[in-house]
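Coordinates in review
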Amino acid sequence: MEQPPDGRRPRLISSLAQGQRSCEVSLDRELGLLTWWDAQPPRRNFSVPASEIIAVEETKIDEKQCNSGKWQKMEKPHAFTVYYVKRARNYCWRCNEETFWCIDEQLCNQWINSLKELLDLQTSRPKHLLVYINPYGGKQKGKRIYEQKVAPLFSLASISTDVIITEHANHAKDNLFEVNIEKYDGVVCVGGDGMVSEVMHGLIGRTQKDSGIDQNNPKAPLVQCNVRIGIIPAGSTDCICYATVGINDPVTSALHIIVGDTLPLDVSSVHHNNAFLKYYVSLLGYGFYGDVLKDSEKKRWMGTIRYDFSGFKTFLSHHYYEGTVSYLPAKHTLGSPRDKKYCRTGCCICRQSKQQLEEQRKKYGIGRDEGRGEWKVIKGKFLAINAANMSCACPRSPKGLSPTAHLADGSADLILVRKCSRFDFLRYLVRHTNQDDQFDFTFVEVYRVKKFQFTSKHLEDDDSDVKDVGKKHFGQFCRDHPVCCCNLTNNTWNCDGEMLNSSTIEVRVHCQLMKLFARGIEEKSTSNHSPIEQ
Ligand SMILES: Nc1ncnc2c1ncn2[C@@H]1O[C@H](COP(=O)(O)OP(=O)(O)OP(=O)(O)O)[C@@H](O)[C@H]1O
Ligand SMILES: CCCCCCCCCCCCC/C=C/[C@@H](O)[C@H](CO)NC(=O)CCCCC
Ligand SMILES: [Ca+2]
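Note that the coordinates shown come from a computational prediction; the quantities given were computed from them, not determined experimentally.

Moving on: the packing of aromatic side chains. In this description, a pair of aromatic rings is defined by centroid distance and the angle of the planes. Tallied over the entire structure, the rule returns 18 aromatic pairs. Taking 5.4 Å as the distance between ring centres and 75° as the angle between the ring planes, the aromatic pair formed by tryptophan 36 and phenylalanine 100 counts as edge-to-face. Within this pair, whereas tryptophan 36 is found in strand β3 (residues 33-38), its partner phenylalanine 100 is found in strand β7 (residues 93-102), the two being separated by 64 residues in sequence. Owing to a relative accessible area of 0%, phenylalanine 100 belongs among the buried residues under this scheme. Lying over the aromatic face of tyrosine 320, lysine 419 brings its terminal NZ or CZ to 5.0 Å of the ring centre.

So, in structure tokens, the structure goes:
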């Protein structure tokens, strides 16, 4: 054992073997770094931080392994295996393993114990999880995905679980109001965005109820929910997972849960006439995305291609909607929707924006801080009104609806697509799938906002409450529209893939209201193949 002169914890260094190859292995307990390198050329050098070690286990060596090469002449070797995160392509993580052999049993135990001690220091890792599986989400493979890909990893990492297979919609949400949540270090949902939404409503709703906060009050200061949510993607879009991890891969998500990653996330609330409707974290869409959802819900039997079918049908229908959008610009954030500052792991725009909001809160007081600023009003005919709380990247659109939207900056990107020709709308949609700028059109506008409202033209005259809010902020508006030819039957918002049937709504972004077991999308340079070969 190497004893550092300055009183730091000693470094464990041993000559071990990896099968037939001799290697040097070092554990720097101060830095929390496991390193090994070949004793002979080519002397490759690998290192894994303790934060990315999944487990360490004693390994039984069978006769066949033992009777080969140099081990033949020696006493029965002892071995331990280290399981750790290996980064593959496209933000994908895998569980890799490396087995180290030694002739001395005591030395082998010393290594196992030292590594286990280091793992015990990883305090943000969950030990006990509550898991909800939607057996009908996506391609209906949730149960199989969990059993075959996730449960073995949780067991390897000594995570215990209580698993509930949902029996109906809202099962998970309702259950979260009843369970003893203190027992768990997090809640995992296996399914798509709809399942994430259910679990989020259960956890946020429960937190507000326990804190005596009335969710129906659109101005209520909501209490942050500290129970982390893990998402095992098994849905049709899996946008929330894809936009927070970089990929919709169950093993990658399971590993982020195991290592105890934490990602705060903005949540927006949707109200109508002082009644709470829903929360959302990815997309709130009216017009095109609302209509796609409404049509696709009738075609769930088609599976995941229902969205392609309904997308095509809705595109052909080319409906537009007339109304008034009013919004409060997000002045607290340093970013803007058309800069190239992408939200990445440890994002400084999210950190600074949150700080700004806290300072405003201290200066003006809770409740008085958020409504400050000048409301803007836009009237028009829109093919789509999209409010993206995050990029909304997903396999269908790898950069998303708003590529530089931030996950935790207390703002959403409000995208207005005005009435245009079918051809132009198609050009706009196609840009969601390639590298071209989808905001570079005369009929597309995008604003980073803290709050917004939408009033459908047909309801402005009748809907007194929202009209009053509007009058208070902007004076009388929208009395003189021309003859409207918009679609009267559809008034559906797509709220994280769930239908909301109220065209007139008020929306407010709550900065970092909830937390995920994720770390955001890593910068490309760090997403190389680990263990890091030096
Ligand atoms: N056992 C169940 N039976 C019927 N519906 C369920 C059940 N469990 C959950 N649900 C509901 O199914 C809906 C859709 O599920 P989910 O989001 O998992 O899949 P998806 O819609 O295919 O994927 P995505 O949301 O990613 O497009 C959710 O709104 C959820 O409330
Ligand atoms: C000819 C090429 C045209 C290509 C157009 C592709 C545009 C794809 C953009 C996809 C954006 C998804 C935004 C995320 C929304 C989720 O909250 C929601 C729930 O899972 N999914 C959908 O509504 C599913 C929405 C699916 C829409 C098709
Ligand atoms: Ca945001």
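On we go from here.
The immediate surroundings of ligand 1 are formed by 23 residues, with Thr166, Gly192, Gly194, Glu198 and Ser236 found nearest. Measuring from an oxygen atom of ligand 1, one finds a backbone N or O atom of aspartate 193 at 3.0 Å. Take methionine 195: an N or O atom from its main chain is 3.3 Å from an oxygen atom of ligand 1. Surface burial for ligand 1 is 89%, taken as the share of its 630 Å² of free accessible area covered by protein chains. Those elements that place two or more of their residues in the shell around ligand 1 are α5 (193-210) and α9 (306-317).

Turning to the packing of helix α3 (residues 142-156) against helix α7 (residues 250-258), a few remarks are in order. Running from N to C, α3 and α7 cross one another at 30°; their axes reach a closest spacing of 10 Å. Put simply, α3 runs roughly parallel to α7. The crossing of α3 and α7 is right-handed. In this structure, α3 contributes Ile145, Lys149, Val150, Leu153 and Phe154 to the contact, and α7 contributes Pro250, Val251, Ala254, Leu255, Ile257 and Ile258. In the contact of α3 with α7, the residues fall into 10 nonpolar, no polar and one charged.

Our focus in this paragraph is the packing of helix α8 (residues 288-297) against α9. Where α8 contacts α9, the axes come no closer than 8 Å and their chain directions differ by 125°. Compared by their axis directions, α8 and α9 come out oblique. Every pair of crossing elements has a handedness; the one defined by α8 and α9 is right-handed. When α8 is examined against α9, the residues Phe288, Asp291, Val292, Leu293, Asp295 and Ser296 are found in contact with a partner set consisting of Arg306, Tyr307, Ser310, Gly311, Lys313, Thr314 and Phe315. A per-class count over the contact of α8 with α9 returns five nonpolar, four polar and four charged.

Around the calcium ion (ligand 3), the protein contributes the donor atoms Asp266 (OD), Asn389 (O), His406 (O), Asp409 (OD) and Ser411 (O), at 2.2 to 2.9 Å from the metal centre. Taken in sequence order, the residues that donate to the calcium ion (ligand 3) follow the motif D-x122-N-x16-H-x2-D-x1-S. Of this pair, asparagine 389 sits in the loop between β16 (376-388) and β17 (412-418) while aspartate 409 sits in the loop between β16 and β17; the two residues are 20 residues apart in sequence, bridging distant segments of the chain. Each member of the pair asparagine 389 and aspartate 409 is classed as buried.

Now for the pattern of salt bridges. What the rule picks out here adds up to 23 salt bridges. The residue aspartate 162 makes a salt bridge to lysine 183 at a minimum N-O spacing of 3.8 Å. You can see aspartate 162 sitting in strand β9 (residues 160-165) and its partner lysine 183 sitting in the loop between α4 (171-176) and β10 (186-191), a full 21 residues away along the chain. Two residues, lysine 299 and aspartate 295, come together in a salt bridge whose shortest N-O distance is 2.9 Å. Residue lysine 299 is classed as buried on the basis of its relative accessible area of 12%. The network of salt bridges with common partners includes Glu52, Arg87, Asp261, Arg519 and Glu522.

About the thresholds
Residues numbered from 1 in each chain as written. Chains lettered and ligands numbered in written order. Predicted model: local features only at pLDDT ≥ 70, side-chain atom pairs only at ≥ 80, totals over all residues. Heavy atoms only, no water. Phe/Tyr/Trp six-rings, centres within 6.5 Å; stacked < 30°, edge-to-face > 60°. Helix = DSSP H or I, 4+ residues; strand = E, 2+ residues; numbered from the N terminus. Buried < 20%, exposed > 50% of the residue type's maximum accessible area, 1.4 Å probe, protein only. Lys NZ or Arg CZ within 6 Å of the ring centre and 35° of its normal. Near = heavy atom within 4 Å. Polar contact = N/O pair within 3.5 Å; in protein donor to acceptor, adjacent residues only side chain to side chain. Areas by Shrake-Rupley, 256 points an atom, 1.4 Å probe, with all protein chains shown as cover. Axes fitted to C-alpha atoms, helices over the stretch in contact; angles between N-to-C directions. Parallel < 35°, antiparallel > 145°, perpendicular 65-115°, else oblique. Left-handed = near helix turned anticlockwise from the far one by under 90°. Contact = heavy atoms within 4.5 Å. Nonpolar A, V, L, I, M, F, W, Y, C, P; charged D, E, K, R; others polar. Donors = N, O, S within 2.8 Å, 3.2 Å for Na, K, Ca; no water. Salt bridge = Lys/Arg side-chain N within 4 Å of Asp/Glu carboxyl O.

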